Amino acid sequence: MAAVTPTIVNLDLLVESLPEKEKKLFQRIFSVSVTTGSLVPTDTMKDWVEKQFGSVDRVVQQKIVKLTNLVTFEGAIFNSLRTSRPRQLEDRLKVEARIIDRSQNDPLNKPLEDTPEDLFGRIRGKYSITASNIAKYDGLHSMVIFKDHNPLGFSRAEIIDYLDTGWRWAQEAHQWDPKAKYYFFLWNCLKKAGATLAHGHAQVTLSRDSHYAKIEALRQCALRYQAQYGSNYFDDLYQTHFSLGLALEKEGVRVLAYLTPIKEKEVILLSKNFDLSFKERVYEVLACFRDAMHVTAFNLGIATPPLDSAPPDWKHFPVMARFVDRGYPWDGSSDFGAMELYAASVVSFDPFRLSLELKKALLKGGSP
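Everything numeric in this text was worked out from a predicted model, so none of it was measured.

Attention now moves to unusual backbone geometry. With a phi close to 80°, L190 is a non-glycine residue in the positive phi region. Looking at the secondary structure, you find L190 in the loop between β6 (182-189) and β7 (201-207). At D209, a position not held by glycine, the phi torsion is positive, near 70°. With respect to the secondary-structure elements, D209 resides in the loop between β7 and α8 (213-229). On the basis of relative accessible area, D209 is assigned to the exposed category, the value being 74%.

Okay, structure coming up:
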């Protein structure tokens, strides 16, 4: 029997070929549904279809794979044909030139003069400094402003510094308000990803009472999974991806090309600690996005267990980073619509292709 090509549209066949124990674990976490989309193109369309998609046959019968995470009820729909849809492309050099042009009078260029500070002051890193966010969505909400206004010009040392500065801010904020202990680091890179300003900056929050709703929902799902199966959800999630060739572990940090991404190229990092290895893996994934996959607009979110002593029901929750590509910054089309908001994410990029790029980048360690 011929080997099955590892692609997302062959996922049903790949799962069937797994050893029985691994197949059962996959089926415990994920549900796969396969359907066919059919159509009849008009004669006047055929030349355009062949030019755009390679052949008419690819269009008239389309294999569609629908995936659902049965633990978290995240869902994704894959059809590789959608990667051939027309769209405007811009290379990184053009994007960076436009960033520089738009950042000349950016208030983040002079943070000490043009941005407020927190009541406990500013945290200064080698390549970054904090400022209190002027339009807050939590009581403790600040920015980590990069010295380099180009958010795509980052190095390994700079990414580690941004993460260190954010973490030091969390410690200071927690001392200021000991009831605030739920940390979240977010980076919206460029306007397409939700940034108001092009100048490189991330945001940090420290919340009271509980973590943000989606993080708490994930924790509750993991607790129910533990109670039902007597097994750690995050360990099993990693093992399921590893069995299919969609995950790797490097220096204690697990890296997954996620099977039910919220949008294109979603990567998940899982770590026991917010340590140097975790920060270096964050850099390497971002460098892979930028250098190997030409991603210029992205979202990064990092959640940690509560600061100080975590309650027992947080025992198995990891330090987690999630990355997603948001498309080309000045592409006129939107990557989010009613499907993503109210149904399931429609995703073009194959997680198996993403995994190959991640393995190449992380095995060589990324550029300096």
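To continue, consider the environment of P306. Assignment of secondary structure puts P306 in the loop between β11 (298-303) and β12 (319-325). A residue is classified by how much of its surface remains accessible, and P306, at 6% relative accessible area, is buried. Once the C-alpha coordinates of P306 and A227 are considered, the two residues, 79 residues apart in sequence, prove to be 22 Å apart. Residue contacts for P306: discarding those within four places in its chain leaves K181, Y182, P311 and W314.

Where burial is concerned, most of strand β4 (residues 128-132) is hidden: 5 out of the 5 residues are buried. Here 5 bridges tie β4 to strand β5 (residues 140-146), and the two strands are oriented antiparallel to one another. Residue pairing across strands places T130 opposite V144, the latter belonging to β5.

As a further point, take the pattern of salt bridges. Applying the stated criterion to the full structure yields 25 salt bridges. One salt bridge in this structure joins E20 and K23, with 3.7 Å as the shortest N-O distance. One end of the pair, E20, and the other, K23, are both in helix α2 (residues 20-29), 3 residues apart, so they sit about a helical turn from each other. You can call E20 partly exposed: its relative accessible area is 46%. In this structure, the salt-bridge partner of E216 is R219, at a minimum N-O distance of 2.7 Å.

What counts and how
Residues numbered from 1 in each chain as written. Predicted model: local features only at pLDDT ≥ 70, side-chain atom pairs only at ≥ 80, totals over all residues. Heavy atoms only, no water. Helix = DSSP H or I, 4+ residues; strand = E, 2+ residues; numbered from the N terminus. Buried < 20%, exposed > 50% of the residue type's maximum accessible area, 1.4 Å probe, protein only. Contact = heavy atoms within 4.5 Å. Pairing = 2+ DSSP bridges. Salt bridge = Lys/Arg side-chain N within 4 Å of Asp/Glu carboxyl O.

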